[in-house]
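# Breakdown of the fold
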Amino acid sequence: MSSDPQWKSFQPSTMDSDTAILDFKTLSISSPNGSPYNNGANGSSNHGHYNHYPQNYGSSGGSSFPIGTFTGREGNDGSFNGDNNTNSSSNSNSFNQSQPRERERERERDQREPQQSQQQQQQNNSDGAYQSATRETGIIEKLLHSYGFIQCCERQARLFFHFSQFSGNIEHLKIGDPVEFEMTYDRRTGKPIASFITKIAPEVVLSEERVTGNVTTEIRSDGQGGETQGRISYENRGECFFLPYNKDDVEGNVTLRSGDKVSFQIAANPRGNLGASHVRLENPAHPVRYQGVVCSMKESFGFIERADVVKEIFFHFSESKNKEEIRLGDDVEFTIQTRNGKEVACNITVLPRGSIIFEDVNDEIMKGQVLKPLERGQNVRHQNDPLPGRIKYRAADHSESEVAFGDKDQKGDFTLKHGDWVSFRLAIDRRDGLKRATDISLLDESFNVSGERREQGVVTAVKDGYGFLRCVEREPKLFFHFSEVLNVDKDVSVGDEVEFTMIQDQASSFSHMRQRAIRIKHLSPHTVKFENVMEQNVSGSVTKDVLPGYWNQRSPSKNQSNDKTDPGTITYTVNDGKKTISYSLKDCDHKCLPKVGDQVEFDIAQVKRNKELVAINVRVSQRAASGDRGDGQLHQGYIAALKDGYGFIENLAHDMEVFFHFSNLDGDANKLELGFEVEFTLNIRGTSGTCMSAENVKVLPKGTLKAPTVLPDVLDGKVVRPLRSVNPEQDQYAGLIEASTETEGEKGAEYEFGITSLTNKRELLQVGDPVNFQVDSQGRAANVAAIRKKRRATVDSVKGLFGFLAYEVEEGKKLFFHMSEVKENATLQAGDTVDFVLVTNHRTGKSSACNVTKVCENTQRPERLISRLRTTSVDDTGPKLTVLRQPKGPDGTKGFTIVRVPRLPGVGVE
């Protein structure tokens, strides 16, 4: 076994220093004459000596102890018991070692130390405690007010230590923690103590390397409902050692028999005794099958959370025995092998979903109070406890109990505070019986207990994972994240009424004063009120229209918000005096907007945010004279352009466009398409009196407006002037096409075209684009279709309503396309091959793909699988085959040719 490579990286120090711990032989203390040392005439010991040690600390009684010698033995309570009546010769007593070379070393030391002990005694009394140069390892056994005790791992000893000897925060030290220290002696009492104590990692007392051995004693029932310990033997450096193990130490729910070959890890219990842990049956003929769930994946490897123990195990994709790829969350079955001293999962097969259950969740809904909430932000990085949260609740036996929970146990990622009342269910892990709280929901009574200030508002904007609220009592819009919504089953949408708590976002990178909303609760509709109604049914007249801010512009900007409006004003009479009050567009009926001079009725309300008086529920009671408001007639036309919240209508004469707002549309604006036939009325907008807008817009059935007859001849030509929707800077609305002629240099006939002339209404015709067209009976171009070169490329990425093609017009930039340009509403994904037309906007210089047609789907293997295939054939450690000579046929050519020809049975081939 000493040649086993596993032992090259792990050699427990206890094997050389104290083999009695390894083979569990009885320790005895020898006197100089070789007889067992007995403390007292009747063999009794002064138990509890160290329990009262702090009271005697600093007394002058007691003798000093030379290095490496002990004058007591282990008591029943685990404390070291000394004898104040021992002489200097007894100080040379040492532990009897099991190995022959250690016994010889002790005999030599016993002959030298009687002459040196008195000299060492005097030196210790004069100079203080002697500090050992070697450091030992141990485990914290007991912690009291200002001192504690350490159980040594390398020998049977229990040492006192004072908190001042610990190099660190004493609050971080817990019972069972492994430590490293130096043994010294107290200056006054001469008793051994631990000093220079440092906390160490648990790996010091638990070997990571696995050791192989054989079962010598099985675990059996003791007849009293308990079980006896089993024993495992293994070799090290030519000697045989025995380690105990319990049923909980065996992996895979298997029963071990005498003679079974096993592998295990050597671990030290809190008392310092060694034992076998993580014992696994090693049977190559019939390997044990384990189960688990894939919990994380990288490029070519991942980790499986095991179902038998609370532990993760490494696996490589090449170990999969299924044709399909292993995916995150798959239930799998596997065997375990030890490679280079590490456990790996092999022979992996995928199980049906739901085959593995880690825990049993109780159906009973419990109620409790949060003792320790989860930490958020940067503190989470330094969190080692997987279940850092704590909840106090009343158990079934009416006793107060405490249960832990983690970050995945909440119904959402909302903020929990100390003292919150929550509902939850208990989950018990089948592997180790650990209880935890899950399905945690926040109860409404928490807000009464916490005393936090709750505010109300309405969702005004929703982005990818976050949004903004319009608050009732504060001016700026408030940021919030979807994770703070308490009801995870309800989608967040614009217009939702909510209740929330405002906090200062200290983690914000924008400003340390940024505010955000947390603990967001949905409210019933019409609950949130931004104003308090002061007076109702007040009469007045409109002195200023309320119009969107961009209505006075010729080309409204897409980026401007529809909410930004210039408020209107109403004049009314109060106590024989006239007053003016403002109103906004949201307080009016969009189908009947009030105009200057109209008589209206309204309610007066006070805004909660700034205590300002405004008019709400504005209703037109009597229209003013319409002489200056347009012709009042019904007009017809075609939808020519659609923007964000507004659009333009092409009139029947095809020579102008009329602006309209979606609020003036009778129907759903999302169903509008270019070229739709509509009817509308005209009204003056703005303050100049010259700008007209369409109101009462209504979609007509297709074919209501008679189209002119189209002549059969198909002509070629080119665009010399685009539509104004393509180039807003031009004065003429209609586009212009020049027909081609047979004579070079001769100018052809010109034909105007509008939105109805285009075969593809979304086509953006630029100056110089070649087209095919026909001419109608009115002399206008009809059925205009652009002649563009078809190009082919693959889809690089798809991001919602747009994507990019692997086609570069500018260096380093992918070609943009909008999903509305994809024909037949085909679903695209990365790698698909498409045909498209390249269009460049002459005004902005930007290019995009139009008329995108899906050709074929992506058939290329995923990059992860390609990298896996590259690595599976590479093995630097195994034997390699090298071709020394390529095969040649009889005629000297490379390779082999087919020389066999078909023949009938019994007939030879000549």
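Residues numbered from 1 in each chain as written. Predicted model: local features only at pLDDT ≥ 70, side-chain atom pairs only at ≥ 80, totals over all residues. Heavy atoms only, no water.

## Things to note about the overall build of the protein chain
Looking only at helices and strands, the protein chain features six helices and 51 strands. Counting over 910 residues, the protein chain shows a buried share of 41%. Taking contacts inside the protein chain between residues at least 6 apart in sequence as the whole, the part at least 24 apart equals 58%. Within the structure as shown, the protein chain displays about 52100 Å² of accessible surface, and the carbon and sulfur contribution to it stands at 48%. (Helix = DSSP H or I, 4+ residues; strand = E, 2+ residues; numbered from the N terminus. Buried < 20%, exposed > 50% of the residue type's maximum accessible area, 1.4 Å probe, protein only. Contact = heavy atoms within 4.5 Å. Areas by Shrake-Rupley, 256 points an atom, 1.4 Å probe, with all protein chains shown as cover.)

## Describing the sheet that holds strand β47 (residues 790-799)
Pairing within the closed barrel is mixed, and its five strands lie in the order β47-β48-β49-β51-β50. Sheet twist, expressed as the average angle between the axes of neighbouring strands with direction ignored, equals 50 degrees. Inspection of the sheet shows strand β48 (residues 802-808) paired to strand β49 (residues 814-818) by five bridges, in the antiparallel sense. Counted as the bridge partner of Gly-803 is Phe-817 from β49. (Pairing = 2+ DSSP bridges. Axes fitted to C-alpha atoms, helices over the stretch in contact; angles between N-to-C directions.)

## A word on the pattern of salt bridges
Taken as a whole and assessed by the stated rule, the structure comprises 42 salt bridges. Across the pair Glu-251 and Arg-306 runs a salt bridge, and its minimum N-O distance is 2.9 Å. Of the two residues, Glu-251 is situated in the loop between β10 (239-245) and β11 (261-268) and Arg-306 in strand β14 (residues 301-306); the sequence distance between them amounts to 55 residues. On the basis of relative accessible area, Glu-251 is assigned to the buried category, the value being 0%. Sharing partners across several salt bridges, the network here consists of Glu-251, Arg-280, Glu-282, Arg-306, Asp-308, Lys-311 and Glu-343. (Salt bridge = Lys/Arg side-chain N within 4 Å of Asp/Glu carboxyl O.)

## Describing unusual backbone geometry
Unusually for a residue other than glycine, Arg-519 sits at a positive phi of about 50 degrees. One can find Arg-519 in strand β28 (residues 515-522). A positive phi angle, close to 55 degrees, is found at Asn-617, a residue other than glycine. Relative to the assigned elements, Asn-617 resides in strand β35 (residues 613-622).

## Comments concerning a nonpolar patch on the surface
On the surface, a cluster of nonpolar side chains totalling about 270 Å² of accessible area is made up of Leu-801, Phe-802 and Phe-816. Looking at the element boundaries, Phe-802 is found in strand β48. Owing to a relative accessible area of 30%, Phe-802 belongs among the partly exposed residues under this scheme. (Patch = residues over 30% accessible without salt bridge, like charges linked within 9 Å, V, L, I, M, F, W, Y side chains within 5 Å.)

## Section: the sheet that holds strand β16 (residues 331-339)
Pairing between the strands of a sheet is mediated by backbone hydrogen bonds and can be parallel or antiparallel. A barrel is described by the order of its strands in space; here five strands give the closed sequence β13-β14-β15-β17-β16, paired in mixed fashion. Geometrically, the sheet is characterised by an average inter-axis angle of 55 degrees between neighbouring strands, direction not taken into account. In this sheet, strand β17 (residues 342-350) lies alongside β16 in antiparallel orientation, the contact comprising seven bridges. Bridge pairing in β17 places Thr-335 opposite Cys-346.

## Focus: the environment of Val-538
With respect to the helices, strands and loops of the structure, Val-538 is situated in strand β29 (residues 531-544). The exposure class assigned to Val-538 is buried, which follows from its relative accessible area of 8%. C-alpha separation for the pair Val-538 and Ala-615, spaced 77 residues apart in sequence, amounts to 9.2 Å. Beyond its immediate stretch of four places on either side in the chain, Val-538 contacts Tyr-572, Val-600, Glu-601, Phe-602 and Ile-604.

## Section: the nonpolar core
Note on soluble globular proteins: their nonpolar side chains tend to be buried together. Core analysis: the biggest nonpolar cluster contains 31 residues, and Phe-264, Ile-304 and Phe-334 have the highest contact counts within it. Those residues in contact with Ile-304 that lie beyond four places of it in its chain are Gly-292, Val-293, Val-294, Cys-295, Lys-311, Glu-312, Ile-313, Phe-315, Val-332, Phe-334, Ala-345 and Ile-348. (Core = buried A, V, L, I, M, F, W, Y, C linked by side-chain atoms within 4.5 Å.)

## A closer look at the packing of aromatic side chains
One pass over the structure, following the stated rule, counts 26 aromatic pairs. Both rings, one in Phe-161 and one in Phe-163, keep their centres 6.2 Å apart while their planes meet at 40 degrees; by these two values the pair is tilted. Here Phe-161 falls in the buried class, since its relative accessible area comes to 1%. For Phe-163, a relative accessible area of 19% puts it in the buried group. Taken together, the aromatic side chains of Tyr-147, Phe-149 and Phe-160 make up a single cluster linked through ring pairs. The ring of Phe-447 carries Arg-454 above its face, with NZ or CZ at 3.9 Å from the centroid. (Phe/Tyr/Trp six-rings, centres within 6.5 Å; stacked < 30°, edge-to-face > 60°. Lys NZ or Arg CZ within 6 Å of the ring centre and 35° of its normal.)

## Comments concerning the side chain of Arg-724
Within the secondary structure, Arg-724 is located in the loop between β42 (715-721) and β43 (735-739). Looking at Arg-724, the relative accessible area reads 14%, which means it is buried. There is a polar contact of 2.7 Å between the side chain of Arg-724 and the backbone oxygen of Asp-731. (Polar contact = N/O pair within 3.5 Å; in protein donor to acceptor, adjacent residues only side chain to side chain.)

## Some words on the pairing of strand β45 (residues 770-775)
The sheet contact formed by β42 and β45 spans four bridges and is antiparallel. Looking at β45, one finds that Leu-715 is bridged to Phe-773. Where β45 meets strand β46 (residues 781-786), four bridges bridge the pair, whose relative direction is antiparallel. Each residue of the ladder has a partner; that of Val-771, found in β46, is Ala-786. The antiparallel hairpin formed by β45 and β46 contains five residues in its connecting segment, where Gly-779 sits at a positive phi of about 80 degrees.

## Here we look at the pairing of strand β5 (residues 158-162)
By the criterion of burial, β5 is predominantly enclosed, with four of the five residues buried. Sheet topology places strand β4 (residues 147-152) next to β5; five bridges connect them, and they run antiparallel. Opposite Ile-150, over in β5, you have Leu-159 as the bridge partner. Here β4 hands over to β5 after five residues, the two strands then running antiparallel side by side.

## Looking at the confidence of the model for the protein chain
Fine structural detail should not be taken from predicted coordinates in areas where pLDDT scores are low. The predicted model of the protein chain has a mean per-residue pLDDT of 76, with 72% of residues at 70 or higher. Taken together, the stretch residues 1-105 has pLDDT below 50 and engages in 221 contacts with residues farther than four places along the chain or on a different chain. Scored below 50 in pLDDT, residues 549-563 makes 34 contacts in the model with residues more than four places away or belonging to other chains. (pLDDT = per-residue confidence, 0-100.)

## Regarding the side chain of Thr-681
Note that Thr-681 resides in strand β40 (residues 677-685). Within polar-contact distance, the side chain of Thr-681 engages the side chain of Asn-696 at 3.3 Å. If we skip the residues at most four places from it in the chain, Thr-681 touches Gln-633, Leu-634, Ser-693, Ala-694, Glu-695 and Asn-696.

## A short note on the environment of Asn-610
Considering the arrangement of structural elements, one finds Asn-610 in the loop between β34 (599-607) and β35. Considered as a pair, Asn-610 and Glu-475 are 135 residues apart in the sequence and their alpha carbons are 8.4 Å apart. A polar side-chain atom of Asn-610 sits 3.1 Å from the main-chain amide nitrogen of Glu-612.

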